[in-house]
Amino acid sequence: MSLAPIIAANRFGLGARPGEIADIDTDPQGWLIAQIVGARSASSELNGLPTSAAAFEAYAEALRQRRERKDAAENEMKAEPPTMENGRRQIAAMYQQQVAARYRLAAHTEEPFRERLVHFWTNHFAVSADKAQVVGLAATLEYEAIRPNLSGRFVDLLLAVEAHPAMILYLDNQASIGPNSTVARRRERKLNINENLAREILELHTLGVNGGYTQTDVTTFALALTGWSVGNKRSKTPERAGQFEFREAAHELGAKTVLGKRYVQDGIEQPRAVLKDLASHPATARHVALKLARHFIADEPPASAVERLAKVFRDTGGDLPSVHRALVESPEAWQQAVTKFKTPHDFVVSTFRMLDFVPQQPQQILSPFQLLGQRPYSPGSPAGWPDTASGWDGPDALLKRIEWASAVGDRMGSKAQPLVLGAQALGPALAERTRIAISRAESGAQGLALLLASPEFQRR
């Protein structure tokens, strides 16, 4: 067997399930390409997940409970005051339900390349559930904005993501008010803009940090984005609570110049026009190409691969299936097996897939990600999780991986067949020295721990 099916299943996919490598051995590239063309229906794992509106309402309810508790304390009521416990519990349950659905799907999907692309783009457009407003919303960005647009153009993905409540609330654009807007003129105190969303769109989502924009561009784009907000039950359209809403009265009127181009559109069409131009900018093509190549090829990807992907992006108007196909067809991606160091996310998911097993309880699914330092939907920064080995290979992090590998081995116990599992997951990429070490293990549990901790399984 060649290394090609190993690369397809592990570098492009999420790790091989039993029998998967044998199934794709005849045409690894064709197996991958078949996963990126055409629309896909939502997996049953995602059925019934809370919408962004439901998550927004749960957070609003938690805030109401907090206000009631504060009022009760101020009034020195003798009765037990209301607490946030119910609201917090509801949001925490939402989050765990979303995480469990994501990883059950990742563990069992027959389209692991497509699923990895979903995770890649979620990290590219990162929001973080460590912000209270976003705990129940972070996952909804993935299944409401990213999944439905994976087979379209980058511009459609960009527009959907930037108008999603999770992104707006995470970067505080609902609080951005044009200083000369109708709302500002009605208030006695001075109101101003928030530049977070504009800055991250330019720096992280489109052009990149070296994309040629200036601080003036950030400020002017932020002015264009004023009014780009989320509805609530106190607004003129309460039925839009928890959904995107453009608040005309908060928008800074007048033409704006961003990256040397003057935008004279009115209202919502002005920021949309800027976003459309950013999506087709050559710097965006290169920034996206670099991130894709870094994720799928190497921490320091070959310049030839980056330029090829950028050219396809430019030539096709950002058609994502074409760019993803060009990635699969990049010869640099197939030259060497297991080069990328797995993130905790990759490590846990590939273990689930190799064992064809996912814990039953949501908290049990969440637990290893928390232990290994990559709590789902919680990168802690708009820049997302690091995608290179230097972000994950510290001594303490490696020790925790070994501890978790041992715990998995103990859980599987005598049922573990590590040599069989290693052959199914890694084939010829499993080194002879690792095979020998596993064969000399005192038990199946110890052998499985050795397999999970091996250099070959720690890379993809």
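Residues numbered from 1 in each chain as written. Predicted model: local features only at pLDDT ≥ 70, side-chain atom pairs only at ≥ 80, totals over all residues. Heavy atoms only, no water.

Engineer: Would you take a moment to explain the nonpolar core for this structure?
Structural biologist: It is characteristic of soluble globular proteins that their nonpolar side chains tend to be buried jointly. Phe-12, Trp-121, Phe-154, Phe-221, Trp-228, Met-354 and Leu-448 are the most contacted members of the largest nonpolar core, which totals 134 residues. Among the elements that line this core, the one with the most residues is helix H5 (residues 85-108), at ten residues. Discounting chain neighbours no more than four positions away, the residues touching Phe-154 are Trp-121, Phe-125, His-205, Thr-206, Ala-279, Thr-284, Val-288, Phe-313, Gly-318 and Leu-320. Residues Ile-177, Val-183, Leu-191 and Ala-250 belong to the second largest nonpolar core, which totals five residues. (Core = buried A, V, L, I, M, F, W, Y, C linked by side-chain atoms within 4.5 Å. Buried < 20%, exposed > 50% of the residue type's maximum accessible area, 1.4 Å probe, protein only. Helix = DSSP H or I, 4+ residues; strand = E, 2+ residues; numbered from the N terminus. Contact = heavy atoms within 4.5 Å.)

Engineer: Would you mind showing me how to read the packing of aromatic side chains here?
Structural biologist: For any pair of aromatic rings, the description rests on two quantities: the centre-to-centre distance and the angle between the ring planes. A full pass over the atoms with the stated rule returns 15 aromatic pairs. Ring geometry for Trp-121 and Phe-125: centres 6.1 Å apart, planes at 25 degrees, overall stacked. Judged on exposure class, the residue Trp-121 and its partner Phe-125 are both buried. One aromatic cluster is present, formed by Phe-12, Phe-113, Phe-120, Trp-121, Phe-125, Phe-154, Phe-296, Phe-313 and Trp-334 through successive ring pairs. The aromatic ring of Phe-457 is capped on one face by Lys-342, whose charged end is 3.7 Å from the ring centroid. (Phe/Tyr/Trp six-rings, centres within 6.5 Å; stacked < 30°, edge-to-face > 60°. Lys NZ or Arg CZ within 6 Å of the ring centre and 35° of its normal.)

Engineer: Would you mind going over the environment of Gln-364 with me for this structure?
Structural biologist: If you trace the backbone, Gln-364 turns up in helix H18 (residues 362-371). Separated by 268 residues in the primary sequence, Gln-364 and Gln-96 have C-alpha atoms spaced 9.8 Å apart.

Engineer: How should the layout of surface pockets be read in this particular structure?
Structural biologist: To find leftover empty space, one rolls a probe the size of a water molecule over the atoms. If you add up the space inside the largest pocket, you get close to 1,000 Å³. Lining the largest pocket we find 34 residues, and of these Val-230, Asn-232, Arg-234, Ser-235 and Arg-247 sit closest to its centre. Breaking the lining of the largest pocket down by element, the ones donating at least two residues are helix H4 (52-74), helix H10 (182-186), strand E1 (228-230) and strand E2 (244-246). The leading source of residues in the lining of the largest pocket is H4, at seven residues. For the lining of the largest pocket, the residue count by class is 14 nonpolar, nine polar and eleven charged. One number sums up the size of the second largest pocket: a volume of about 580 Å³. Lining the second largest pocket are 30 residues, with Phe-120, Asn-123, His-124, Trp-385 and Asp-387 positioned closest to its centre. At the level of secondary structure, the elements contributing two or more residues to the lining of the second largest pocket comprise H5, helix H6 (112-124), helix H14 (282-296) and helix H17 (344-355). Considering only residue class, the lining of the second largest pocket consists of 13 nonpolar, eleven polar and six charged. (1 Å grid on protein atoms, 1.4 Å probe; cavity = no way out; pocket = protein on both sides within 12 Å on 5 of 7 lines; lining within 4 Å. Points joined across faces, edges and corners; volume = space filled by probe spheres on them. Nonpolar A, V, L, I, M, F, W, Y, C, P; charged D, E, K, R; others polar.)

Engineer: In this structure, what is going on with the pattern of salt bridges? I would like to understand it.
Structural biologist: Once their charged atoms are close, side chains differing in charge can pair, the charge on each being opposite to the other. Tallied over the full model, the rule gives 21 salt bridges. Arg-116 is the partner of Asp-346 in a salt bridge, and the nearest nitrogen-oxygen pair spans 3.0 Å. Of this pair, Asp-346 sits in helix H17 while Arg-116 sits in helix H6; the two residues are 230 residues apart in sequence, bridging distant segments of the chain. Residues Asp-346 and Arg-116 agree in their burial class; the two are buried. Salt-bridge contacts for Arg-308 lead to Glu-332; the nearest nitrogen and oxygen are separated by 3.0 Å. On the criterion of sequence distance, the pair formed by Arg-308 in helix H15 (residues 303-315) and Glu-332 in the loop between helix H16 (320-328) and H17 is long-range, its members being 24 residues apart. You can call Arg-308 partly exposed: its relative accessible area is 31%. Ionic contacts of the salt-bridge type, sharing partners, join the residues Glu-57, Glu-61, Arg-64 and Lys-233 into one network. (Salt bridge = Lys/Arg side-chain N within 4 Å of Asp/Glu carboxyl O.)

Engineer: Quick question: what am I supposed to make of unusual backbone geometry here?
Structural biologist: A negative phi angle characterises most non-glycine residues, just as the trans form characterises most peptide bonds. Despite not being glycine, Asp-172 has its phi angle at roughly 65 degrees, a positive value. Take Asp-172: it is sitting in the loop between helix H9 (165-170) and H10. Positive phi is not limited to glycine here, since Leu-259 has a value of about 55 degrees. You can see Leu-259 is positioned in the loop between strand E3 (256-258) and strand E4 (261-263).

Engineer: What is the right way to read the environment of Leu-452 from this model?
Structural biologist: Among the secondary structure elements, Leu-452 is positioned in helix H22 (residues 444-453). Spatially, the C-alpha atom of Leu-452 lies 9.1 Å from that of Pro-418, the residues being 34 residues apart in sequence. Beyond its immediate stretch of four places on either side in the chain, Leu-452 contacts Phe-347, Thr-351, Met-354, Ala-405, Val-408, Phe-457 and Gln-458.

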